[in-house]
Every structure is written in C-alpha cells, then in structure tokens.
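# Analysis of the macromolecular model
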Amino acid sequence: MGTVVDAAIKVANGSAHTNKKVTVVFVLGGPGSGKGTQCSNIVEHFGYTHLSAGDLLRAEIKSGSENGTMIQNMIKEGKIVPSEVTIKLLQRAIQENGNDKFLIDGFPRNEENRAAFESVTGIEPEFVLFFDCPEEEMEKRLLSRNQGREDDNIETIRKRFKVYMESSLPVIDYYKAKGKVRKIDAARPIEEVFKAVKAVFTPESEKVAA
Ligand SMILES: Nc1ncnc2c1ncn2[C@@H]1O[C@H](COP(=O)(O)OP(=O)(O)OP(=O)(O)O)[C@@H](O)[C@H]1O
Ligand SMILES: Nc1ccn([C@H]2C[C@H](O)[C@@H](COP(=O)(O)O)O2)c(=O)n1
Ligand SMILES: [Mg+2]
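Residues numbered from 1 in each chain as written. Chains lettered and ligands numbered in written order. Predicted model: local features only at pLDDT ≥ 70, side-chain atom pairs only at ≥ 80, totals over all residues. Heavy atoms only, no water.

- As named in an unreviewed UniProt entry, the chain is UMP-CMP kinase, taken from Sesamum indicum.
- Within the UniProt record for the chain, the comment given under Sequence similarities (unreviewed entry) is "Belongs to the adenylate kinase family. UMP-CMP kinase subfamily."
- Here is the UniProt Function (unreviewed entry) comment for the chain, exactly as written: "Catalyzes the phosphorylation of pyrimidine nucleoside monophosphates at the expense of ATP. Plays an important role in de novo pyrimidine nucleotide biosynthesis. Has preference for UMP and CMP as phosphate acceptors." (UniProt positions renumbered as here; feature names shortened; annotations may be inferred.)

Pasting the structure below:
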C-alpha cells in the first residue's frame, strides 16, 4: 500500500530528491460535518497523521507569510485559496513528518485542488472518507463551535455552504465514480459516527463476526 511522492518532495525541497512512500486518505464533507473531530479519533486509534488544509492555511496567516493577507481575505469570504499555496503547505507537512500515513482533511475542495494535487504530487488517495450531514445540523454546530474562527459567523457560513455545494460536491462525485468514497452518516452523536469510521479503517481480516 502507498504511493511514491517524488514530485511532492522535489517541489518542497528545491533540488533535493527523496523517495517517500505515503498512504493518503482524503477526509471530505461540509463545513461543520465533523471532519476534524473524527480525524482526532482516527489518529488515536489508527496511527495516521492529521493534516487539515484549513489549519495549515490559518497557521500560514499567523506566521506573517507574504500570502497571509490574501489567505485571510479568502477565508473570510468562504472562498477557496489557489491550489498552488495549499499544495505547497501540504507537501511541506508531509515531507517534514516521519509518518507515512496521512489524513488530508478539507482537501481537495474543488476541481482545481484535485487536479493540481494529482499532477504535482502523483498521489492518488487510498480512499475518500465522506461525512454526509444536513446543512441545518452543520449550521447549528458551526454557530456553537466557539473556537474563535473568523469564518464561523452566519454570513460566511452561508458562503461556505454555497462553495461546498457548487465546488466540493463535484469532487466527491468524481471519486464516487472511481469507487473510492466511503460515506458516513455524520448526523449522529460523535461516538456513533466513530463506530462507522472504525469499520472503514479496520481491515476485513480483523473484523470480529457479530
Ligand atoms: N457528531 C457530532 N455531533 C455533534 N457535534 C459535533 C459532532 N461532530 C463534531 N461536532 C462539533 O461540531 C463542531 C464542528 O466540528 P468539526 O470542527 O470537527 O467540523 P469540521 O468538519 O472540521 O468543520 P470545518 O470544515 O469548519 O473545519 C465542533 O464544535 C464539534 O465539537
Ligand atoms: N483546500 C482548502 C481548504 C480550506 N480552505 C480555506 C477555505 C475554507 O473555508 C477555510 C477553512 O477550512 P476548514 O478548516 O473549514 O476545512 O480554509 C481552502 O481555501 N482550501
Ligand atoms: Mg475542520
């Protein structure tokens, strides 16, 4: 299992060339569907490293990078930052981490993200974990998240939902057509959602017959 990511390493390091085989699972779903919450559980139980594209972009704003203001404005508007920026952050995070199994949360968010990541890194996801949740439930969760996120206000939330419907769902459909989507009903309590997630990550050979 695993995909060679020579291209990712080359871009991140300039001329350096390392072979690193990685397994990647994309974690997708609407804003507030519970991606980050479930990724923490998966990390704990299955030894993956969690890379949230949104968290990497927010860290980039805080670092005072030259792209910081552009990223901040895009996030406030609920828009998707150009792939070039996000892919560099993901590549660097993969490169710097000793692990070989990654959950990439909130990426690819649109067709541009998807195609660019594939052509730059050559990485195909092992599968796509898709948290399916009704909008009313996601809105309720986001409005009570209380993590001080600038985009957790009703105006930006509505814009994020629109971008999700128009740009992110087609990416999920793309992977569905390839038989790669593992859909989870995310409108249940956290523990119940994790039970379903565990079933996806547990190899058939290790599943105990009921
Ligand atoms: N199954 C659940 N039931 C109720 N609340 C949940 C559930 N899963 C997550 N939450 C809560 O909903 C909020 C959003 O969850 P989380 O941050 O994991 O979503 P997300 O998909 O990562 O959102 P975003 O795309 O905005 O980063 C958090 O406050 C979290 O504690
Ligand atoms: N691939 C991505 C992922 C995220 N962003 C920006 C735009 C999102 O609204 C914001 C927050 O992401 P989240 O933490 O909710 O996953 O970050 C992006 O531009 N491209
Ligand atoms: Mg999140």
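After that view, the rundown keeps rolling.
### Some remarks on the packing of helix H7 (residues 135-143) against helix H8 (residues 154-177)
- The geometry of H7 relative to H8 is characterised by a closest axis approach of 11 Å and an angle of 140° between their N-to-C directions. Every pair of crossing elements has a handedness; the one defined by H7 and H8 is right-handed. Side by side, H7 and H8 meet where Glu135, Met138, Glu139, Leu142 and Leu143 of the first sit next to Ile154, Ile157, Arg158, Arg160 and Phe161 of the second.
- A breakdown of the residues in the contact of H7 with H8 according to their chemical character gives 6 nonpolar, no polar and 4 charged. (Axes fitted to C-alpha atoms, helices over the stretch in contact; angles between N-to-C directions. Helix = DSSP H or I, 4+ residues; strand = E, 2+ residues; numbered from the N terminus. Left-handed = near helix turned anticlockwise from the far one by under 90°. Contact = heavy atoms within 4.5 Å. Nonpolar A, V, L, I, M, F, W, Y, C, P; charged D, E, K, R; others polar.)

### Some points on the site of ligand 2
- The full set close to ligand 2 counts 15 residues, and Arg58, Val81, Gly106, Arg109 and Arg149 are the nearest of them.
- For ligand 2, a nitrogen atom lies 3.1 Å from a polar atom in the side chain of Asn113.
- A distance of 3.0 Å separates an oxygen atom of ligand 2 from a polar atom in the side chain of Arg149.
- Out of a free accessible area of 440 Å², ligand 2 has 96% covered by protein chains.
- A total of 4 residues in the shell around ligand 2 trace back to one element, the largest contributor, which is helix H3 (residues 53-62).
- Split by residue class, the shell around ligand 2 holds 6 nonpolar, 3 polar and 6 charged. (Near = heavy atom within 4 Å. Polar contact = N/O pair within 3.5 Å; in protein donor to acceptor, adjacent residues only side chain to side chain. Areas by Shrake-Rupley, 256 points an atom, 1.4 Å probe, with all protein chains shown as cover.)

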